[in-house]
Amino acid sequence: MAASPSSTLVSPPRVDLDGEDTSTLVRGTPEWLRETLTSTAGEMARLGRVILAMVVDSYGLSHRSDEVVDATDTNFRMLRYHNDTTRASSSDGQPTVGLAAHVDGSYLTVLFQNDVDGFELRTRDGGEWVRVHSPGPESLLVVAGQPLVAWSNGRVHAPVHRVAVGGREDRLSCGVFLLPSKNLVVDAPPELVTVDAPRRFRPFEYSDYLRFKHAGGNGEDVLDRFAGI
Ligand SMILES: O=C(O)CCC(=O)C(=O)O
Ligand SMILES: [Fe+2]
């Protein structure tokens, strides 16, 4: 059966890029690696912000992209999924899950993985898991999360995803989570609430959503339960 995520993750350091002192990003990490991590996380965060602005622009709201992008924070996280052959297959033929199915609580997540696949998306009808193959070391995966669903009044889809393990090597990944600022009120702009597309979510403070999500599990219905109208 599915292993608990914590048993396969090796001390994922959470890095607060917006902290006062970025040199404490990776305390206990050698200097040479610290610099690499800091610049990698910084570049991935920059890319995340550019993509978020592109999403806002794509709704004809370029005048709003600064206000959305400026009210964000970032987290950088590194994950290691052990290739544990004793748990590589289970009696019911289901893959071993290294990270349980969830929907992200970020606006966007920018992910990089080594060449060991394992990231899987659930199809929108909920019927099937689809493996996302990394096209190569120069590619990143960008995943939408629930705050973007709320901001876009339901236009953006935040996919349920998980990580399946059991390959020949450990899977390594790192990701930047582009989050609404903690006390930001996440709300769809008036342009996206129309007669044809009535309001789907009440405005909410991001920290309240996070508290609700952490208490209530990772189900894809979290946003609806918390703020659905
Ligand atoms: O490790 C991965 O590829 C996915 C990580 C992920 O989905 C998450 O941390 O939210
Ligand atoms: Fe995720």
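Rules of the game
- Residues numbered from 1 in each chain as written.
- Chains lettered and ligands numbered in written order.
- Predicted model: local features only at pLDDT ≥ 70, side-chain atom pairs only at ≥ 80, totals over all residues.
- Heavy atoms only, no water.
- Phe/Tyr/Trp six-rings, centres within 6.5 Å; stacked < 30°, edge-to-face > 60°.
- Helix = DSSP H or I, 4+ residues; strand = E, 2+ residues; numbered from the N terminus.
- Donors = N, O, S within 2.8 Å, 3.2 Å for Na, K, Ca; no water.
- Buried < 20%, exposed > 50% of the residue type's maximum accessible area, 1.4 Å probe, protein only.
- Near = heavy atom within 4 Å.
- Polar contact = N/O pair within 3.5 Å; in protein donor to acceptor, adjacent residues only side chain to side chain.
- Areas by Shrake-Rupley, 256 points an atom, 1.4 Å probe, with all protein chains shown as cover.

### Regarding the packing of aromatic side chains
Piece 1. Applying the stated criterion to the full structure yields six aromatic pairs.
Piece 2. Here Tyr59 and Trp151 contribute two aromatic rings whose centre-to-centre distance is 6.3 Å and whose plane-to-plane angle is 55°, an arrangement assigned as tilted. Placement of Tyr59 in the loop between helix H2 (31–58) and helix H3 (65–70) and of Trp151 in helix H4 (residues 146–151) is noted, with a sequence separation of 92 residues between them.
Piece 3. With 5.4 Å between their ring centres and 75° between their planes, Phe204 and Phe226 make a pair best called edge-to-face. Of this pair, Phe204 sits in strand S11 (residues 204–205) while Phe226 is found in helix H6 (residues 222–227), placing the two residues 22 residues apart along the sequence.

### Re the coordination of the iron ion (ligand 2)
Piece 1. Donor atoms from the polypeptide that coordinate the iron ion (ligand 2) comprise His102 (NE2), Asp104 (OD) and His161 (NE2), at 2.1 Å from the metal.
Piece 2. We note that the donor set of the iron ion (ligand 2) lies within a single chain, spaced as H-x1-D-x56-H. With His102 in strand S3 (residues 96–102) and His161 in strand S8 (residues 161–165), the pair connects residues that are 59 residues apart, well separated along the chain. Of the two residues, His102 and His161, both sit in the buried class.

### Quick word on the site of ligand 1
Piece 1. Residues in close proximity to ligand 1 total 13 residues, the closest being Tyr81, His102, His161, Arg171 and Ser173.
Piece 2. Within the side chain of Ser173, one N or O atom sits 2.7 Å away from an oxygen atom of ligand 1.
Piece 3. Protein chains shield 97% of the accessible area of ligand 1, which is 290 Å² for the free molecule.
Piece 4. For the shell around ligand 1, the secondary-structure elements that each account for two or more residues are strand S2 (72–81), S3, S8 and strand S9 (171–180).

Geometry only, nothing functional implied.
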